[in-house]
Amino acid sequence: MKIGVEVNSFFGRYGSKIGKMEVEIDPNTNVEKLLGNLNIPKDKVGFVIVNQKRVDFDYVLSENDSVYITPFATGG
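Residues numbered from 1 in each chain as written. Predicted model: local features only at pLDDT ≥ 70, side-chain atom pairs only at ≥ 80, totals over all residues. Heavy atoms only, no water.

The protein chain is annotated in an unreviewed UniProt entry as Molybdopterin converting factor, small subunit from Caldicellulosiruptor bescii.

J.: How should I be thinking about the nonpolar core in this particular structure?
T.: A general tendency of soluble globular proteins is for nonpolar side chains to be buried together. Formed by 20 residues in total, the largest nonpolar core has its most connected members in Val5, Leu34, Val67 and Ile69. The set of elements that each furnish at least two residues to this core consists of β1 (2-7), β2 (19-24), α1 (31-37), β3 (45-50) and β5 (66-71). Once residues lying within four places of it in the same chain are set aside, the contact partners of Val5 are Gly19, Lys20, Met21, Val23, Leu34, Leu38, Val67 and Ile69. (Core = buried A, V, L, I, M, F, W, Y, C linked by side-chain atoms within 4.5 Å. Buried < 20%, exposed > 50% of the residue type's maximum accessible area, 1.4 Å probe, protein only. Helix = DSSP H or I, 4+ residues; strand = E, 2+ residues; numbered from the N terminus. Contact = heavy atoms within 4.5 Å.)

J.: Is there a simple way to think about the sheet that holds β2 in this case?
T.: Adjacent strands of a sheet form backbone hydrogen bonds with each other and so pair up, either parallel or antiparallel. The strand order β2-β1-β5-β3-β4 describes an open sheet built from five strands, whose pairing is mixed. One side of each edge strand has no neighbouring strand; the edge strands of this open sheet are β2 and β4 (53-55). Going from strand to strand, the sheet's axes swing by 30 degrees on average, the running direction of each strand aside. Where β3 lies against β5, five bridges are found, and the strand directions are antiparallel. By the bridge assignment for β5, Val48 is matched with Ile69. (Pairing = 2+ DSSP bridges. Axes fitted to C-alpha atoms, helices over the stretch in contact; angles between N-to-C directions.)

J.: Help me out: how do you make sense of unusual backbone geometry in this one?
T.: A negative phi holds for most residues other than glycine; trans holds for most peptide bonds. Despite not being glycine, Asn28 has its phi angle at roughly 70 degrees, a positive value. Position of Asn28 among the secondary structure elements: in the loop between β2 and α1. Residue class for Asn28 comes out exposed when judged on its relative accessible area of 67%. Although it is not a glycine, Asn64 sits at a positive phi angle of roughly 70 degrees. Among the residues examined, Asn64 registers a relative accessible area of 62% and is labelled exposed.

In structure tokens:
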């Protein structure tokens, strides 16, 4: 099944593709598994938004979901 994913550019340093993309996932894929597939370290994720709602790592994704992955905020 396909979902839309937007990955913050911060995660490029870990080998993840960044920006907006369409991703093919298996049924019953949760957010944690998606992060692993995208080479995004779970401990660097600030939050994940699915269909404009914040979700936990165990949230199971559905066909056509829209996912936004962002890191913890950093100052500077």
